[in-house]
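Here are the chains, one letter per residue:
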Amino acid sequence: MSVFHFNPKGIFSSLLQRFNRPHKQKCSTLNEYISLYIKQIATGERQTERGRNYARSTVKTARYSLRQFIRFQEAAGRPYDFPDIDMAFYYDYTSFLKRKGYSINSVGKCIRDLKVILHAAEIEGLNTHTAWKEKRFKGIRVEADSIYLTRDDLRKMMAVDFSTLSPEHEQALDIFLVGVWTAQRISDYNHIKPEDFDNLRGITYLNIRQQKTGVKVSIPCNTALKTILEK
């Protein structure tokens, strides 16, 4: 194991500070590499395979997921380096996350994000240990229950009389319905501007460049959506 000056009470705060601290030295430990990786995807120094910057939402979820690894080390009272990431670690780490009340999908996300880090470090010649490639070392994902609203449900929601409620209630419903009628992520429809609309052959289109994928989409606006946006 690489030498690591470990302070059980200070590892969490010190590593979180490193997430936003410039790195001038080459990383020698897994924790140092995680810190550098988070900084690079946040600033654009490290990009996706398509040569694009990582979306803010992606950076945010990766940062949160990898913080759990830091918290696990704090709870274990020791640091974990590249040679320590094996099946014994996998069982300990997933058990730790489950005890914290994480769902199967959330535990799986933490494992997958850690494997992304390990893979990147391998490509860069920093990680020569391959126990994490074991088939059982995987982020499990299960199908979640799909809860949906019918068009009749939506009509009832739009027919609510807000005269006895606050303007904030009406605005909250409107924002929710914009998400329904555009079928976009909240990070995309939260920033709609008047110049994002075009009219082609009598049909109004909303043009959005998705933050996560960078893809530009054109969404035809139905009457319900136009009513809300005009309001």
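Scroll up a little and you will see the structure.
Thresholds, definitions, all that
Residues numbered from 1 in each chain as written. Predicted model: local features only at pLDDT ≥ 70, side-chain atom pairs only at ≥ 80, totals over all residues. Heavy atoms only, no water. Phe/Tyr/Trp six-rings, centres within 6.5 Å; stacked < 30°, edge-to-face > 60°. Helix = DSSP H or I, 4+ residues; strand = E, 2+ residues; numbered from the N terminus. Buried < 20%, exposed > 50% of the residue type's maximum accessible area, 1.4 Å probe, protein only. Lys NZ or Arg CZ within 6 Å of the ring centre and 35° of its normal. Polar contact = N/O pair within 3.5 Å; in protein donor to acceptor, adjacent residues only side chain to side chain.

Peer 1: Help me understand the packing of aromatic side chains in this model?
Peer 2: Given two aromatic rings, their pairing is described by the distance between the two centres and the angle made by the two planes. Per the counting criterion, the structure on display carries 12 aromatic pairs. Taking the centre distance of 5.2 Å and the plane angle of 55° together, the rings of phenylalanine 72 and tyrosine 93 count as tilted. Note that phenylalanine 72 is positioned in helix H3 (residues 56–76) and tyrosine 93 in helix H4 (residues 87–99), a separation of 21 residues in sequence. Residue class for tyrosine 93 comes out buried when judged on its relative accessible area of 0%. Every member of this aromatic cluster is reached through a ring pair, and the members are Phe69, Phe72, Tyr80, Phe89, Tyr90, Tyr91, Tyr93, Phe96 and Phe137. Sitting over the face of the ring of tyrosine 80, arginine 78 holds its NZ or CZ atom 3.9 Å from the ring centroid.

Peer 1: Is there a simple way to explain the environment of serine 103 in this structure?
Peer 2: Among the structural elements, serine 103 can be located in the loop between H4 and helix H5 (104–123). Judged by relative accessible area, which is 38%, serine 103 ranks as partly exposed. Sequence-wise, serine 103 and valine 142 are 39 residues apart; in three dimensions their C-alpha atoms are separated by 9.8 Å. At 3.1 Å, the side chain of serine 103 and the side chain of serine 106 are in polar contact.

Everything listed here is a matter of coordinates, which is why it stays silent on function.
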